[in-house]
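Summary of the model geometry
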Amino acid sequence: MPADLRERLLGERGPARLDLPQQGARTAVIMKVIRATLNVELNEARKMLQAVQSGQSAATLPEIEQLARRLRTVGVEARAVRD
């Protein structure tokens, strides 16, 4: 998503976050999906997962929904939520 559109969506609609109710046992799978979806290296995927787990991660609703959908396809319970 272009940066200007992303910033506009965040400003107008507010951020969304990824909810992973049962994340502990599937850490490797979650990181693999994050890497593939967001095209990031392993270290960055690890940081992103830690941010998700601590509630510090936020993005646009479409970005989070895409990630949640891909996680569900590999059997990880995930949903996009707004605060």
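Our structure is the block above this text.
**Examining the side chain of Asp19**
Examined against the element boundaries, Asp19 turns out to sit in strand β1 (residues 16-19). At 2.8 Å, the side chain of Asp19 and the side chain of Arg79 are in polar contact. Setting aside anything within four residues of it in sequence, one finds Asp19 in contact with Glu77, Ala78, Arg79 and Val81.

**Considerations on the nonpolar core**
Counting 18 residues, the largest nonpolar core has Leu18, Leu20, Ile30, Ile34 and Leu71 as its most contacted members. At the level of elements, β1, α2 (27-38), α3 (42-54) and α4 (61-73) are the ones that each hand at least two residues to this core.

**Examining the environment of Ile64**
With respect to the helices, strands and loops of the structure, Ile64 is situated in helix α4. Given a relative accessible area of 6%, Ile64 falls into the buried group. C-alpha separation for the pair Ile64 and Arg82, spaced 18 residues apart in sequence, amounts to 10 Å. Each residue touching Ile64, except ones within four places of it in the same chain, is listed here: Ala16, Arg17, Leu18, Ala59 and Ala80.

**Some details on α2**
Between its first and last C-alpha, α2 extends 16 Å over 12 residues, near the 16 Å set by a 1.5 Å rise per residue. Taken together, the buried positions of α2 are Ile30, Met31, Val33, Ile34 and Thr37. Down the axis of α2, the sector holding all buried residues measures 160°, keeping them to one side. For α2, exposure combined with an orientation more than 90 degrees from the buried face picks out Ala28, Lys32 and Ala36. The secondary structure elements touched by the buried residues of α2 are α3 and α4. Directly after α2, the chain includes Asn39, whose backbone phi takes a positive value near 55°.

Procedures and definitions
Residues numbered from 1 in each chain as written. Predicted model: local features only at pLDDT ≥ 70, side-chain atom pairs only at ≥ 80, totals over all residues. Heavy atoms only, no water. Helix = DSSP H or I, 4+ residues; strand = E, 2+ residues; numbered from the N terminus. Polar contact = N/O pair within 3.5 Å; in protein donor to acceptor, adjacent residues only side chain to side chain. Contact = heavy atoms within 4.5 Å. Core = buried A, V, L, I, M, F, W, Y, C linked by side-chain atoms within 4.5 Å. Buried < 20%, exposed > 50% of the residue type's maximum accessible area, 1.4 Å probe, protein only. Expected span 1.5 Å × (residues − 1). Arc of directions from axis to C-beta.

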